[in-house]
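Residue-level structural notes
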Amino acid sequence: MDKIELKVMAISRSVTQSLNYAVVLGELDGPRRLPVIIGSTEAQAIAIAIEGMSGPRPMTHDLFKNTLETLRTDLREIIISDIKEGIFYARLVLDRDGEIIEVDSRTSDALALATRFDCPIYTYELILQNAGIVLEGETEENMQLQDVAEGDDRRSGRSDSLSSYTVGELNDLLEEVLGEENYERAAQIRDEIKQRKKS
């Protein structure tokens, strides 16, 4: 079967499952999109890798990447290989000194690793036919990564507003929360800094 290459277009809160997120994958040479529902932890792991954020200690997917690199094994690609009852299945395609090894994976974990290895993401035509959608009027410019920490202040009981901080204070605060490995708060601070730079 011919493989179709995809890329991560956006991460947004799931409309149908409020505690989850949808990673929207788009085919490189076509208008179809493949929405994959994942948990908030996995969405955070993907967003952190895309944003290039890192903490003082490796997260689980970083640890897996470091382990593969230590064992001189490269992640060549991931393949979203099947869909059954609305659940996507994926495989990691590893290369160890020319030996190709395929490993079953949850799709969310495979995507989190793909963003860290910067490797291609593939699926098959049959899967895109069955689960793909075409969003009319959509352009790549108006799709973006949504803050996966949205609403976490309310859940954690935080009431302080980032708008009262200066940019310098926000940068200091960002370093502090990264040191504490509070990635959800770091995502909020990062977005506030970006918003300030735009205005």
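On a predicted model such as this, the values are computed, not experimentally measured, just so you know. (Residues numbered from 1 in each chain as written. Predicted model: local features only at pLDDT ≥ 70, side-chain atom pairs only at ≥ 80, totals over all residues. Heavy atoms only, no water.)

On to the nonpolar core. Here is a general trend for soluble globular proteins: nonpolar side chains tend to be buried in one another's company. Leu25, Leu34, Leu75 and Ile78 are the most contacted members of the largest nonpolar core, which has 36 residues in total. Among the elements that take part in this core, helix H3 (residues 107-117) stands out by supplying six residues, more than any other. When neighbours within four sequence positions are excluded, Leu25 is seen to be in contact with Leu6, Lys7, Val8, Met9, Arg32, Arg33, Leu34, Val36, Ile80 and Leu111. In terms of nonpolar packing, the next biggest core, distinct from the first, is built from 12 residues, Met53, Met59, Leu178 and Ile193 among them. (Core = buried A, V, L, I, M, F, W, Y, C linked by side-chain atoms within 4.5 Å. Buried < 20%, exposed > 50% of the residue type's maximum accessible area, 1.4 Å probe, protein only. Helix = DSSP H or I, 4+ residues; strand = E, 2+ residues; numbered from the N terminus. Contact = heavy atoms within 4.5 Å.)

This part is about helix H2 (residues 60-70). Taken as a whole, H2 has its buried residues at His61, Lys65 and Leu68. Along the long axis of H2, the arc covered by the buried residues comes to 65°, so they all point the same way. Relative to its buried face, H2 has exposed residues pointing more than 90 degrees away, namely Thr60 and Thr70. Tucked inside the fold, the buried residues of H2 contact helix H1 (40-51), strand E4 (73-84), strand E5 (87-96) and H3. Following H2 by one or two positions, Arg72 adopts a phi angle in the positive range, close to 55°. (Arc of directions from axis to C-beta.)

What follows covers the layout of surface pockets. Estimates place the volume of the second largest pocket at around 240 Å³. Around the second largest pocket, the lining is made up of 14 residues, and of these Val36, Ile37, Gly86, Ile87 and Phe88 lie nearest the centre. Only strand E3 (32-39), E5 and H3 provide two or more residues apiece to the lining of the second largest pocket. Take the lining of the second largest pocket: its biggest share by element is five residues, from E3. For the lining of the second largest pocket, a count of residues per class yields eight nonpolar, four polar and two charged. (1 Å grid on protein atoms, 1.4 Å probe; cavity = no way out; pocket = protein on both sides within 12 Å on 5 of 7 lines; lining within 4 Å. Points joined across faces, edges and corners; volume = space filled by probe spheres on them. Nonpolar A, V, L, I, M, F, W, Y, C, P; charged D, E, K, R; others polar.)

This part covers the confidence of the model for the protein. Of all residues in the protein, 82% attain a pLDDT of 70 or more, and the chain-wide mean is 81. Across residues 140-159, confidence stays below pLDDT 50; counting only partners more than four residues off in sequence or on other chains, it has 42 contacts. (pLDDT = per-residue confidence, 0-100.)

This part takes up a negative patch on the surface. Residues Glu169, Asp172, Glu175 and Glu176 make up a contiguous surface patch of negative charge. Tracing the sequence through the fold places Glu176 in helix H6 (residues 167-179). With relative accessibility at 45%, the residue Glu176 sits in the partly exposed group. (Patch = residues over 30% accessible without salt bridge, like charges linked within 9 Å, V, L, I, M, F, W, Y side chains within 5 Å. Areas by Shrake-Rupley, 256 points an atom, 1.4 Å probe, with all protein chains shown as cover. Salt bridge = Lys/Arg side-chain N within 4 Å of Asp/Glu carboxyl O. Lys, Arg positive; Asp, Glu negative; His and termini not counted. Charge placed at Lys NZ, Arg CZ, Asp CG, Glu CD.)

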